[in-house]
Amino acid sequence: GAGSRARVSMCESGSRRFISGVVEGFYGRPWSMEQRTELFKREQSWGLNTYLYAPKDDSKHRMFWRNLYTAEEAEQLTALIAAAQQHHVDFIYAISPGLDMTFSSPREVSALKRKLEQVKQFGCRSFSLLFDDIEREMCPADKRAFGSFAHAQVAVANAVYQHLGEPHTFLFCPTDYCAAFCSPSVSQSAYLQTLGEQLLPGMDVLWTGPKVVSHKISVESIEEVSSVLRRAPVLWDNIHANDYDPQRLFLGPYKDRPTELISRLRGVLTNPNCEFHPNFVAVHTLASWCRAPTGGEQRDVEMGEWVSTHLSTRLHPVSAPFCPDWLKPPLLLSLQKLSAEACCVLLPWQPCGWWWCSYLAAPAVLTGEEEQDPCYSPQKALGLALADWFQEFLLPDHPGGAAAGLREATPPGSRPPGGLKKESWEEEPMQTEVESAYAPGVEEKPRWAAEPLTLDDLKLLAELFYLPYEHGPTARTMLQELHWLKAHSPEEVGLPFRRGLRQQEAAWRSRALRFDQMCEAVVQMFNRLCNAPNRSVVYDLYSYVCDIKSGVCLARAYVKTLGGHHQPPAQPGDPDPEAWTLRGGLSGEFQRMLPAHGEGDLFPQPPRTRIYCIRPYCPEDQGGAKLPRRSSASGKEPGGVQPVLVADCGCLPSLLSGELQPSPASALVLEDDAGVCGCALALIDAKEAADKCQRAVGFGSAHTCSLTAPVEPVSPGPEHHWGVNRSASVHQRAVSPSVLEEFPSLVTVQLLPRVTDSSPAQRMMSQLLSSIRKAGSKGAFCELRRADQRMLDFYTQLGCFNRVSTGEDLVVMGTSL
């Protein structure tokens, strides 16, 4: 009832209630009057109490703020304010005069007062003055009248506040409305200090947190700004706002705001997605957050309390009339522990049986994230929100085809969903005798039938469109799988799946199949969502879901191509692509041309990719190309850059003296934006190279010589090179004549520690082995230190190298070509 709603939605601060609700403050098409009225109903039902009217594209709110409303507009606003009052929602009218207002002009101040007086006549009793997103430079007249921009705004705000009779709720939005805008800091901001000192105490200040769109908001940050403003702020939260990116939608829960903030804030208003219907989740989960206790005691928000207190009022008539008498608590509380399949067995009636099982399973709809707030669980709040939202998808917003589609998707003899009259449900569409008698043959295509939307579809939708700073679990998994499949594909590794790689091939194809199934789930979600009866909700979501489905299908086709399937007609990277494969238009092309493109991706694993260049080794690399020093034993890059040759990277000691050159087309150098960072070298005839090495050194046996493995690093000097000690090298006994007979060629790859991505090394090795194979070699080997686990792992992960022999300190790995 109203009492319980008041208890969970308000946090008393003296005699003033905690402000909680929605601000319509985005850039874009404003919501309709009908949608706003629907919002008031939801706010009342969920325990929220405030609506701030501030649509940026209402011309008389911002651009033409001086103009009074016409008689028709006045009638609409009056009806809207009355609807808010009917649902116990405080309607706050906001105006934004800062674009072109002269603060020192009495005429301008009078125009502002006159405009707000008109709105007051409509029945509005709460107001807001917004100075966000405007230029900070004052005109000459204002500079002469005021000491600062803050003084100008305060003078106008105080005058308007007093003129309106010091209303109970009056919100002020500063130009520096987040910590990122404050110079030099929040605590030292002269602008905020002026507001705190001179704004009348009855006015509240809006604040977005550390940033315009804040990832996390800490108690300490709110205490800091409260100290400067000398009052607790009202949080204008942009966590679900999407007006800055036309390709993103946010369906994740209200999170990363500890419930300890409730006692330190004057209120919280969410500025959500531009599209009305997708905001069901944003507003619903905010309401759950506001219901969290402020005294520190834990509140059980799971199904136990929730079912017993809210089930009768929050279940839509689609299910409540058909709920059997035996389905009462505590049986409900027992059913929540069952799987969805078990619930479907126990609840066999239609159409609500499958709906009930999904509804009861809702609190566990998202799991796996760490719970940090004992009073509020974002995952459980999201589960409840999706379960409630699910009901709206099932109700047609207008008669006609949508209801007919739902009728086809419901088994015969089922009861109609709520909102549909029995007569219209039972009425069959006109059919000819031929159509009604027609049935497809055994070898013909079955007739298409719309599958009903499921709660799992909404869960997937929310995970694909989660929050500004993070993807949902399914989205992260899909990105991880796609990266792994690309990095380990035959094309990327450069070796065909053949003998010796069957295990790796099986693993790759297994994960490719799993990725394909995840893509198929997105496609099926799209199909079922587009056939949902409530077309208004579908239309708000369609462009976003269509876009993600297209992107997923492109990725799906790309993985199939990597696996050797027939290449589809339209592939990413085609010289003459289809128009529908070009994502992002002009904006996307601009972003891809910028050097920092990709640095802001939300997918942090694997590490953000450097741009690597692989080029052929040239004679200048022997005598002039410089490579930064290898790391010290601690693994950290040494300070400064000293001249070190490419050959000093630990590759082929014999190159250090110039006695040997790598085989033609069998030496590569890796560079990144900082310079040379690795190399890959090969000798097609390793035995000949060993003989030359022995003759140059003057002792030892040719068949016991180590050509590649470096010893522990020593400081380079006139007689030493980085990572190589010739005398120690030739005493290693790992390569025998039998090894050279089976694997006549030698390869080696060396990378500096800053190269954390193995893909460039894999590509270099692929080119080396291809070159050796074309030269007629039947096999290649490499020598590695037993303690060099990094390179041992690298060669092992290639899948084609196997251990051939192991010496006291060296490991020889070989591959047949």
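An unreviewed UniProt entry annotates the chain as protein O-GlcNAcase originating from Tetraodon nigroviridis.

*Asks:* I would appreciate a short explanation of the packing of helix H18 (residues 455-464) against helix H19 (residues 473-487) in the present structure.
*Replies:* Relative orientation and spacing of two packed helices are given, respectively, by the angle between their axes and the distance between those axes. With their axes 6 Å apart at the nearest point, H18 and H19 run at an angle of 65 degrees to one another. Taken together, H18 and H19 sit at an angle that is classed as roughly perpendicular. Contact residues: H18 offers Leu460, Glu463 and Leu464, while H19 offers Pro473, Thr474, Ala475 and Met478.

*Asks:* I keep staring at the pattern of salt bridges and nothing clicks. Help me out?
*Replies:* Applying the stated rule across the entire model yields 23 salt bridges. The salt bridge partner of Asp100 is Arg66, with a shortest N-O separation of 3.1 Å. Within this pair, whereas Asp100 is found in the loop between strand S3 (90-95) and helix H4 (106-121), its partner Arg66 is found in the loop between strand S2 (50-53) and helix H3 (71-86), the two being separated by 34 residues in sequence. Among the residues examined, Arg66 registers a relative accessible area of 26% and is labelled partly exposed. Each of the salt bridges in this network shares a partner with another, and the network as a whole consists of Asp516, Glu520, Arg556 and Lys560.

*Asks:* Where do I start with the state of the cysteines in this structure?
*Replies:* Should the sulfur atoms of two cysteines be covalently bonded, the bond is a disulfide. Tallying each qualifying case throughout the model produces 0 disulfides. Here Cys173 stays free of any disulfide, with the sulfur of Cys178 as its closest cysteine sulfur at 9.9 Å. You can see Cys530 has no disulfide; the closest cysteine sulfur is in Cys546, sitting 7.5 Å from it.

*Asks:* I would appreciate a short explanation of the confidence of the model for the chain in the present structure.
*Replies:* Reading fine detail from the predicted coordinates is not recommended where pLDDT is low. Across the chain, the average pLDDT comes to 75, with 67% of residues at or above 70. A low-confidence stretch, residues 296-370 stays under pLDDT 50, and its non-local contacts, those more than four residues away or across chains, total 119 contacts. Taken together, the stretch residues 399-434 has pLDDT below 50 and engages in 38 contacts with residues farther than four places along the chain or on a different chain.

*Asks:* Whenever I open this one, the sheet that holds strand S14 (residues 802-806) confuses me. Can you help?
*Replies:* What links the strands of a sheet is backbone hydrogen bonding, and the strands pair in either a parallel or an antiparallel sense. In spatial order, the strands read S9-S10-S11-S12-S13-S15-S14; together these 7 strands make up an open sheet with mixed pairing. Pairing within the sheet leaves two strands with one partner each, and these edge strands are strand S9 (613-616) and S14. Here the strands of the sheet are splayed against their neighbours by 25 degrees on average, with no regard to which way each runs. Sheet strands in contact with helix H28 (residues 759-774) are S9, strand S10 (667-672), strand S11 (675-683), strand S12 (745-751), strand S13 (779-785) and strand S15 (810-816), and its direction is about 165 degrees off that of S12.

*Asks:* What is the right way to read the sheet that holds strand S1 (residues 19-24) from this model?
*Replies:* Read around the barrel, 8 strands follow the order S1-S2-S3-S4-S5-S6-S7-S8 and close on themselves; strand pairing throughout is parallel. Strand-to-strand, the axes of this sheet are offset by a mean angle of 25 degrees, without reference to chain direction. Across 4 bridges, S1 lies against S2 in parallel orientation. Among the inter-strand pairings, Val23 is bridged to a residue of S2, identified as Leu52. Where helix H6 (residues 149-163) meets the sheet, its contacts fall on strand S4 (126-130) and strand S5 (170-173), and the angle it forms with S5 comes to roughly 165 degrees.

*Asks:* Is there a simple way to think about the nonpolar core in this case?
*Replies:* The nonpolar side chains of soluble globular proteins are, as a tendency, buried together. By size, the foremost hydrophobic cluster in this structure holds 125 residues, and its most contacted members are Phe91, Tyr93, Leu192, Trp289, Trp389, Phe393 and Leu541. The biggest single contributor to this core is helix H21 (residues 502-530), with 10 residues. There are two domains that each give this core at least three residues, and those are domain 1 (19-244) and domain 2 (377-395 + 448-494 + 503-567 + 578-603). Formed by 28 residues, the second largest nonpolar core is a distinct cluster that contains Ala682, Val755, Leu792 and Val811.

*Asks:* Is there a simple way to explain helix H9 (residues 279-290) in this structure?
*Replies:* Think of an α-helix as turning once every 3.6 residues; residues three or four places apart then point the same way. In this model, H9 (12 residues) spans 16 Å end to end at C-alpha, consistent with the 16 Å of a helix rising 1.5 Å per residue. Of all 12 residues making up H9, 12 are buried, and the element is well covered by its neighbours. Burial in H9 covers these residues: Asn279, Phe280, Val281, Ala282, Val283, His284, Thr285, Leu286, Ala287, Ser288, Trp289 and Cys290.

*Asks:* Quick question: what am I supposed to make of the pairing of S12 here?
*Replies:* Two faces, one strand: in a regular strand the side chains alternate between the faces of the sheet. Burial analysis of S12 places 7 of its 7 residues in the buried class, the great majority of the element. Of the two faces of S12, both are covered, the one formed by Ser745, Val747, Val749 and Leu751 as well as the one formed by Leu746, Thr748 and Gln750. Pairing of S11 with S12, which is carried by 6 bridges, proceeds in the antiparallel orientation. Counterpart to Gly678 in the pairing with S12 is Leu751. Relative to S13, S12 is paired through 2 bridges, and the arrangement is parallel. Bridged to Leu746 within S13 is Phe781.

*Asks:* What is the right way to look at the packing of aromatic side chains in this model?
*Replies:* Aromatic ring pairs are reported here in terms of the distance separating the ring centres and the angle at which the planes meet. Under the definition given, this model contains 23 aromatic pairs. Ring geometry for Trp46 and Phe280: centres 4.9 Å apart, planes at 75 degrees, overall edge-to-face. Of this pair, Trp46 sits in helix H2 (residues 33-46) while Phe280 sits in helix H9, placing them 234 residues apart in sequence. Phe280 carries the same exposure label as Trp46, and that label is buried. With a centroid separation of 5.9 Å and an interplanar angle of 45 degrees, the aromatic rings of Phe526 and Tyr542 are classed as tilted. Of this pair, Phe526 sits in helix H21 while Tyr542 sits in helix H22 (residues 535-562); the two residues are 16 residues apart in sequence, bridging distant segments of the chain. Clustering of aromatic rings is evident, with ring pairs tying together Phe40, Tyr51, Tyr53, Tyr69, Phe91, Tyr93 and Phe122. The ring of Tyr254 carries Arg257 above its face, with NZ or CZ at 5.8 Å from the centroid.

*Asks:* Looking at this structure, I do not really get the packing of H4 against H6. What am I missing?
*Replies:* Running from amino to carboxyl end, H4 crosses H6 at an angle of 40 degrees, the nearest separation of the two axes being 10 Å. Comparing their axes, H6 and H4 come out oblique. For the crossing formed where H4 meets H6, the hand is right-handed. Packed against H4, whose contacting residues are Val109, Leu112, Lys113, Leu116 and Glu117, the element H6 presents Val156, Ala159, Val160 and His163 at the interface.

*Asks:* Is there a simple way to think about the environment of Arg125 in this case?
*Replies:* Note that Arg125 resides in the loop between H4 and S4. Residue class for Arg125 comes out exposed when judged on its relative accessible area of 51%. Once the C-alpha coordinates of Arg125 and Gly165 are considered, the two residues, 40 residues apart in sequence, prove to be 9.9 Å apart. The residues contacting Arg125, other than those within four sequence positions of it, are Lys120, Pro167 and Thr169.

*Asks:* Would you take a moment to explain a nonpolar patch on the surface for this structure?
*Replies:* Together, Met63, Phe64 and Leu99 give the surface a local cluster of nonpolar side chains, amounting to about 300 Å² of exposed area. Its location among the elements puts Met63 in the loop between S2 and H3.

*Asks:* Is there a simple way to think about the environment of Tyr177 in this case?
*Replies:* In this structure, Tyr177 sits in the loop between S5 and helix H7 (190-198). Separated by 28 residues in the primary sequence, Tyr177 and Val205 have C-alpha atoms spaced 8.8 Å apart. Discounting chain neighbours no more than four positions away, the residues touching Tyr177 are Asp132, Asp133, Leu206, Trp207, Thr208, Gly209 and Val212. Here the side chain of Tyr177 touches Asp133 through a polar contact of 2.8 Å, side chain to side chain.

*Asks:* What exactly am I supposed to notice about the pairing of S4 here?
*Replies:* The buried fraction of S4 is high, at 5 of 5 residues. Judged by which residues are buried, S4 turns out to be covered on both faces: Ser126, Ser128 and Leu130 on one side and Phe127 and Leu129 on the other are all buried. Pairing of S3 with S4 involves 4 bridges; the strand directions are parallel. Residue pairing across strands places Ala94 opposite Ser128, the latter belonging to S4. Each parallel crossover has a hand, and for S3 linked through H4 to S4 it is right-handed.

Conventions and cut-offs
Residues numbered from 1 in each chain as written. Predicted model: local features only at pLDDT ≥ 70, side-chain atom pairs only at ≥ 80, totals over all residues. Heavy atoms only, no water. Axes fitted to C-alpha atoms, helices over the stretch in contact; angles between N-to-C directions. Helix = DSSP H or I, 4+ residues; strand = E, 2+ residues; numbered from the N terminus. Parallel < 35°, antiparallel > 145°, perpendicular 65-115°, else oblique. Contact = heavy atoms within 4.5 Å. Salt bridge = Lys/Arg side-chain N within 4 Å of Asp/Glu carboxyl O. Buried < 20%, exposed > 50% of the residue type's maximum accessible area, 1.4 Å probe, protein only. Disulfide = S-S within 2.5 Å. pLDDT = per-residue confidence, 0-100. Pairing = 2+ DSSP bridges. Core = buried A, V, L, I, M, F, W, Y, C linked by side-chain atoms within 4.5 Å. Domains from an automatic or database assignment. Expected span 1.5 Å × (residues − 1). Phe/Tyr/Trp six-rings, centres within 6.5 Å; stacked < 30°, edge-to-face > 60°. Lys NZ or Arg CZ within 6 Å of the ring centre and 35° of its normal. Left-handed = near helix turned anticlockwise from the far one by under 90°. Patch = residues over 30% accessible without salt bridge, like charges linked within 9 Å, V, L, I, M, F, W, Y side chains within 5 Å. Areas by Shrake-Rupley, 256 points an atom, 1.4 Å probe, with all protein chains shown as cover. Polar contact = N/O pair within 3.5 Å; in protein donor to acceptor, adjacent residues only side chain to side chain. Right-handed = clockwise from strand over helix to strand, strands pointing away.

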